[in-house]
Structure formats: structure tokens, C-alpha cells
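Topology and contacts: notes
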Amino acid sequence: MRLVECAKSYIKSSVSNGSLCIDLTCGNGQDTLFLSKLVKKEGKVYAFDIQQQAVQFTRNLLREHKYISQVEIFQQCHSSFTEHLPQELKYKISAVMVNLGYLPKGNHLITTNPRTTCAALVKAYEWLSVNGVISVITYQGHEGGIEENTAVKNLISQYHWDCKTEFGNKKQDSPILYMIRKK
Ligand SMILES: C[S@@+](CC[C@H](N)C(=O)[O-])C[C@H]1O[C@@H](n2cnc3c(N)ncnc32)[C@H](O)[C@@H]1O
């Protein structure tokens, strides 16, 4: 199974009709669309990306599929997500998806970075409900990707998060999926 599919199947275990979810890197909008289909009209998906192009791609995709009403999209760094969401959502988030790296159809020089990624992950874990989950996919092939993966791995071990790991292939620079569950 591809890592993206594996992440989705893990996320599905904690998300249902009415859930609240966050996509911390909405990019082309595929993960936001996936989440919005799971939460249905009663739930909400909050999507973040620093690039206007990504926000536009996501908005267009969600409109096209008629899921836009249950999604809020922010052109903001994910490390600041707590400043943009209602504080009463703290401890109520069922799932957070984080697909790191660059926007496939965009500028490949604009990538996520260890500092804001780790800051966002610590806050995301805090905002999860008990049994809530985070999926993080790291890509090591781009500039800074190895450092970012190391930072994510170290963060998970520093906080002793319950985490399962999957590798995309057997190569040294394989993408890696981290599946974290809040106890
Ligand atoms: C691999 S893409 C995400 C793919 C997306 N989840 C999808 O389903 O199409 C990574 C995205 O992270 C975004 N990004 C980079 N730094 C960011 C930051 N600090 N905060 C939020 N998004 C960021 C990029 O602009 C890019 O669109």
C-alpha cells in the first residue's frame, strides 16, 4: 500500500461523521478533501498552507466536489494554527494530517522546515482528543528533507508519543509515515 493510502486508512480509524480535523499542509487539497468526506456536513476540517496557490488549489477542489461548506482554509504557517482556531476546539481534534515537503505542482524550493513543523506537531498533539491521531509523511529527497525527518523522529521520541512507522520503500531516502496516537 502507498504511504498516502496507509496514512488515510490510519486516519479513518479515528474520524467519523461530525469529527473535527486539521490538515496542516493542504497543498493540492487531496487530504483536505479526504477528511471532509469523512467528517460530513456535521464536522469541520481546518486546512493550512503558506502558499496562496495551495490555498486556491484546495478551495477549487473542495468547491468542485461540493465539500467547501465544511472546510475553513487559512493561508498561514501551520505553527500558528492555534491562533486561528477557536480555543474551545482544544482537546477536541480527532485527526491531523501532515504531508511535508513541497507543493508537487508548485515551486519545489518552498518546502516545510524542521522548526515550524516541530512547533506545529507539538501544538497538534496538545489539541488532539484522547485517541486522536496524527499522520506525518516526511520526504528526504529534497534539500533539508533529511534534517526535517530527523527532527520529526527526535521529537516523537523526546515526547514518548505512541507511534507506528512505515517506510515507502527500501531506499535510504525513502519517504516515512509516522502514525501517532494520543493516549
Ligand atoms: C506535499 S505538499 C502537501 C500535499 C497536500 N497534503 C495534498 O493533499 O495535496 C506540502 C505543502 O506544505 C506547504 N507548506 C510549507 N511550509 C508550510 C508551513 N510553514 N505552513 C503550512 N504549510 C506549509 C507547502 O506550501 C506545500 O503546499
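Check the entry above for the structure.
Residues numbered from 1 in each chain as written. Predicted model: local features only at pLDDT ≥ 70, side-chain atom pairs only at ≥ 80, totals over all residues.

Digging into the nonpolar core
Core analysis: the biggest nonpolar cluster contains 49 residues, and Cys21, Leu24, Leu35, Val96, Ala124 and Ile134 have the highest contact counts within it. Not counting residues up to four positions away in its chain, the partners in contact with Ile134 are Val96, Val98, Leu121, Ala124, Tyr125, Leu128 and Ile180. (Core = buried A, V, L, I, M, F, W, Y, C linked by C-beta atoms within 7 Å. Buried ≥ 20, exposed ≤ 12 C-beta atoms within 10 Å, placed from the backbone. Contact = placed C-beta atoms within 7 Å.)

Description of unusual backbone geometry
Residue Tyr91 is not a glycine yet carries a positive backbone phi of 70°. When you line up the elements, Tyr91 lands in the loop between helix H4 (81-84) and strand E4 (93-99). In this structure, Asn131 is a non-glycine residue whose phi angle is positive, near 80°. The topology assignment puts Asn131 in strand E5 (residues 128-138). On the basis of neighbour counts, which here come to 11 C-beta atoms within 10 Å, the residue Asn131 falls in the exposed class. (Helix = DSSP H or I, 4+ residues; strand = E, 2+ residues; numbered from the N terminus.)

Some remarks on helix H5 (residues 114-127)
Its 14 residues place the ends of H5 20 Å apart at the C-alpha level, agreeing with the 20 Å of an ideal helix rising 1.5 Å per residue. All buried positions along H5 are accounted for by Thr117, Ala120, Leu121, Ala124 and Trp127. All buried residues of H5 fall inside an arc of 125° around its axis, so they share one side. Across from the buried face of H5, at angles greater than 90 degrees, the exposed residues are Arg115 and Glu126. As for H5, its buried residues are in contact with strand E1 (20-23), H4, E4, E5 and helix H6 (145-158). (Expected span 1.5 Å × (residues − 1). Arc of directions from axis to C-beta.)

Description of the sheet that holds E5
With mixed pairing, 7 strands are arranged side by side in an open sheet as E3-E2-E1-E4-E5-E7-E6. Whereas interior strands pair on both sides, the edge strands pair on one side only; in this sheet they are strand E3 (71-74) and strand E6 (162-167). The mean inter-strand angle of the sheet, taken between neighbouring strand axes irrespective of direction, is 15°. Taken together, the 6 bridges between E6 and strand E7 (residues 176-181) define a ladder with antiparallel strand orientation. Across the sheet, residue Phe167 finds its bridge partner in E7, namely Ile176. Running over the sheet, helix H1 (residues 3-12) touches E4, E5, E6 and E7 and is turned about 175° from E5. Lying on the sheet, H5 is in contact with E1, E4, E5 and E7; it crosses E5 at an angle near 155°. (Pairing = 2+ DSSP bridges. Axes fitted to C-alpha atoms, helices over the stretch in contact; angles between N-to-C directions.)

As for the pairing of E4
Of all 7 residues making up E4, 7 are buried, and the element is well covered by its neighbours. Pairing geometry for E1 and E4, over 3 bridges, is parallel. The partner of Cys21 across the bridge, within E4, is Ala95. Each parallel crossover has a hand, and for E4 linked through H5 to E5 it is right-handed. (Right-handed = clockwise from strand over helix to strand, strands pointing away.)

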